[in-house]
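# Chain and residue survey
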Amino acid sequence: MFKNRGIAFKLILLVSASSALIFLLILSYNYQSSKKMIEENARQNAWNLSRATVNRIETALRSVQKVPENLACYLENSSYNKDELVRVLRAVVETNHEIYGAAIAFEPHAFDRNALYFAPYFYKKGGKTELLYLGSESYKYFYLDWYQIPMELRQPQWSEPYFDEGAGNILMATYSVPFYRTINGGRRLMGIVTSDISLEWLRDIVSSIKILKTGYGALLSRNGTFITHPSKELIMNDTVFGIAEARGDKTLREAGKQMVRSGTGSISYKNIWGKQCRMYYAPVPSSGWSLSLIFPVDELMADVVKLHRTMLFGGAAGIVLLSLAVVFIARSITRPLTEISNAATEMGSGNLDIDLPSVRSHDEVGRLSDAFHSMRDSLREYIRKLTETTAAKEKIESELKIASDIQMSILPRIFPAFPDRPEFDIFALIEPAKEVGGDFYDFFEIDATHLCFIIADVSGKGVPAALYMAVTKTLIMSKAKEGITADRILMKVNDELSRDNDVNMFVTIFCGILDTSTGEVCYANGGHNPPLVIRKDGDISFLGEAGGLVIGAFEGMTYTLEKLMLGPGDTVFMYTDGVTEAMNEKEELFSDERLERELASLNVVGIQELVSGIMEKITFFTGDAPQSDDITMLAVRFLGGKTFV
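## A look at the packing of aromatic side chains
Counted by the stated rule, this structure contains 28 aromatic pairs. Centroid distance Tyr 141 to Phe 142: 5.2 Å. Interplanar angle 70°. Geometry classified as edge-to-face. The residues Tyr 141 and Phe 142 share a single accessibility class, namely buried. Geometrically, the ring pair formed by Phe 415 and Phe 427 is tilted, given 4.7 Å between the ring centres and 55° between the ring planes. Of this pair, Phe 415 sits in the loop between helix 10 (364–409) and strand 13 (424–431) while Phe 427 sits in strand 13, placing them twelve residues apart in sequence. Relative accessible area serves as the criterion here: at 9%, Phe 427 is assigned to the buried category. Aromatic rings pair up to connect Tyr 80, Phe 106, Phe 111, Phe 118, Tyr 133 and Phe 179 into one cluster.

Structural data, given as structure tokens:
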């Protein structure tokens, strides 16, 4: 097709498209390369910055850890009195600027047999060192986490950040070291030595990190609680998991899990202000906390975006100028096409009598003009024939609609069909695949105590099947009125239909006669799908297999008479193969097994709801797949002489 295009079209398309494609490829490659380079540099800078900050925090924390560890060693290996303990503790707090406070908390009665509490605590306040003795009925320190956890673990431990109400009265974290004495050959816990650090001190360290314009750092505890953050509302009030859960951010939740496991990594996410960011996180080994650094993506890529925006505008302007030049050149080539285009528009609106311009040249324009002349003449002829065909089709469709209405009218459609007969109930439904189908059902009283019911499926579809169906239905009713058995009915109908059957059509029929006084059903099957018997107690089974040869194939065929006893509330459910062979868009069949399951789920309802419910199940199963065969269902329920619920 492209080879037959005109020169103007090729020139405009190839020059403009190739120039734009080359420019976009270069721009895209340049952008991706720059982006990758900047992201790699940002990653390296983030790790370097995080390592430097972690090392700074780690150095400070380790220096804090050394103090209670050395003091615990001193208490385990030396003798001391109250004054000496107070003096040593004061010196510890005054000489270590990282430490906000320190305490030696003894076990109950461990320092003084007559004293339940003994825990001198020095802390800094207003540039001075204050002494406070911990322990009271309202502050039982040996039940607090900073005391209990290292005592149980028998090893030094950093506490989760907390507000120490009753002691330091500030947000702090405590490093606790248990100390022991050997008494009577056993190692006995004597108490806990602590060093406190203020979260303000940690906040100052983290807030000193400068990341682009609005980037920031945050410190999280072992359980993901924010220790430091630019938003003060989050500090000690929220966790990374709480934010992830509130926003439904699975990526942030997984990163939080890695943080509390002392993991290292990075993710892309939106921060609490809705800004797209890149977060890098690394652990603080000594405390189990995690440091995260947040880089705003727009600031990270600002220079690259600015550069590429300039390149994009410049390239776009160049392509526009180039396109204008190409168009100017091509106009001299395409001008003769304008008249043909205007004429084509008129033709498109339905005016096929328009005079097309005459072009004398033999180039592309000349051939196009000849083609339009030929197309106009062909369209005139096509529309004439289409008009005739449409009129004929509408007439046929109208006749088919009338035929369909006639076909449906000969089937019993009013339910309840026998409102004055409490011994039984019956309901049927038919859904033709075409306007005129080949399935049918019928039921009628033979006498006061016998009800004949049939369901049948004629081979083929459309009008021939409908005509065959009407003949079959009439024959069955006439033979049944003779008072003969179901097998004899099928035999006589078969002989009638087989005679002079030049069209080789046939029909499958299930014919049953219900004795309404006893519940006995005498039936015969002419090649039809076996019905299902639904007992009152919920038991469901198929009524044998398809028996006998189809009706209308060969004369002289015989059919077997079978009997079935129904109890009050038992139901016979009959159907055509359009039910079990209904197909969905995946070409899966509704199947006998599915029909049996769905009937079991609907057994407690009336037969009208039972049949309608199965139709709804089929419609839901097939979805948008087209109906390929007629769907017909007939249900008979024996009530035993009284209404059954």
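## Points about the packing of helix 5 (residues 240–247) against helix 6 (residues 250–260)
At a minimum axis separation of 9 Å, helix 5 and helix 6 run at an interaxial angle of 165°. With respect to helix 6, the element helix 5 is oriented roughly antiparallel. Between helix 5 and helix 6 lies a crossing whose hand is left-handed. For the pair helix 5 and helix 6, the contacting residues are Val 240, Phe 241, Ile 243, Ala 244 and Glu 245 in the first and Leu 252, Arg 253, Gly 256, Lys 257 and Val 260 in the second.

## Re unusual backbone geometry
Most of the time, phi is negative for any residue but glycine, and the peptide bond is trans. For the bond from Phe 415 to Pro 416, the omega torsion is 0°, close enough to zero to count as cis. When you line up the elements, Pro 416 lands in the loop between helix 10 and strand 13. Backbone geometry at Arg 154 places phi at a positive 60°, although glycine is not the residue there. Note that Arg 154 resides in the loop between helix 3 (145–153) and strand 4 (157–158). Its relative accessible area of 48% is what places Arg 154 among the partly exposed residues. We note that Glu 587 has phi near 65°; this positive angle belongs to a residue other than glycine.

## Some thoughts on the pattern of salt bridges
In total, this model carries 19 salt bridges according to the counting rule given. Close ionic contact of Glu 94 with Arg 90 constitutes a salt bridge, the shortest N to O distance being 3.8 Å. With Glu 94 and Arg 90 both in helix 2 (residues 82–95) and four residues apart, the pair spans about one turn of that helix. Its relative accessible area of 48% is what places Glu 94 among the partly exposed residues. The salt bridge partner of Lys 473 is Asp 442, with a shortest N-O separation of 3.2 Å. In this pair, Lys 473 sits in helix 11 (residues 462–480) while Asp 442 sits in strand 14 (residues 439–447), placing the two residues 31 residues apart along the sequence. Taken individually, Lys 473 and Asp 442 each receive the classification buried, so the pair is uniform in this respect.

## Some details on the pairing of strand 14
Bridge count between strand 14 and strand 15 (residues 450–458): eight bridges; the pairing is antiparallel. If you follow Asp 442 over to strand 15, its bridge partner there is Ile 454. Hairpin connection, strand 14 to strand 15: the antiparallel pair is bridged by two residues.

## Some points on the sheet that holds strand 14
Taken together, the five strands give an open sheet; going across it, the order is 14-15-16-17-20, and neighbouring strands pair in antiparallel fashion. Of all strands in the sheet, those bounded by a partner on one side alone are strand 14 and strand 20 (562–565). Direction aside, the axes of adjacent strands within the sheet are offset by 20° on average. Contacts from helix 11 reach strand 14, strand 15 and strand 16 (507–515), with the element oriented near 15° to strand 14.

## Focus: helix 3
An α-helix turns once every 3.6 residues. As a result, residues three or four positions apart point the same way. Of the positions making up helix 3, those classed as buried are Trp 146, Tyr 147, Pro 150 and Met 151. End-on, the buried residues of helix 3 take up no more than an arc of 115°, which puts them together on one face. Summarising the geometry of helix 3, the exposed residues directed more than 90 degrees from the buried face are Asp 145 and Glu 152. As for helix 3, its buried residues are in contact with strand 1 (101–106), strand 4, strand 5 (162–163), strand 6 (171–183) and strand 7 (186–198). A positive phi of about 60° marks Arg 154, the residue just after helix 3.

About the cut-offs
Residues numbered from 1 in each chain as written. Predicted model: local features only at pLDDT ≥ 70, side-chain atom pairs only at ≥ 80, totals over all residues. Heavy atoms only, no water. Phe/Tyr/Trp six-rings, centres within 6.5 Å; stacked < 30°, edge-to-face > 60°. Buried < 20%, exposed > 50% of the residue type's maximum accessible area, 1.4 Å probe, protein only. Helix = DSSP H or I, 4+ residues; strand = E, 2+ residues; numbered from the N terminus. Axes fitted to C-alpha atoms, helices over the stretch in contact; angles between N-to-C directions. Parallel < 35°, antiparallel > 145°, perpendicular 65-115°, else oblique. Left-handed = near helix turned anticlockwise from the far one by under 90°. Contact = heavy atoms within 4.5 Å. Salt bridge = Lys/Arg side-chain N within 4 Å of Asp/Glu carboxyl O. Pairing = 2+ DSSP bridges. Arc of directions from axis to C-beta.

No statement about biological role is implied by the geometric values presented.
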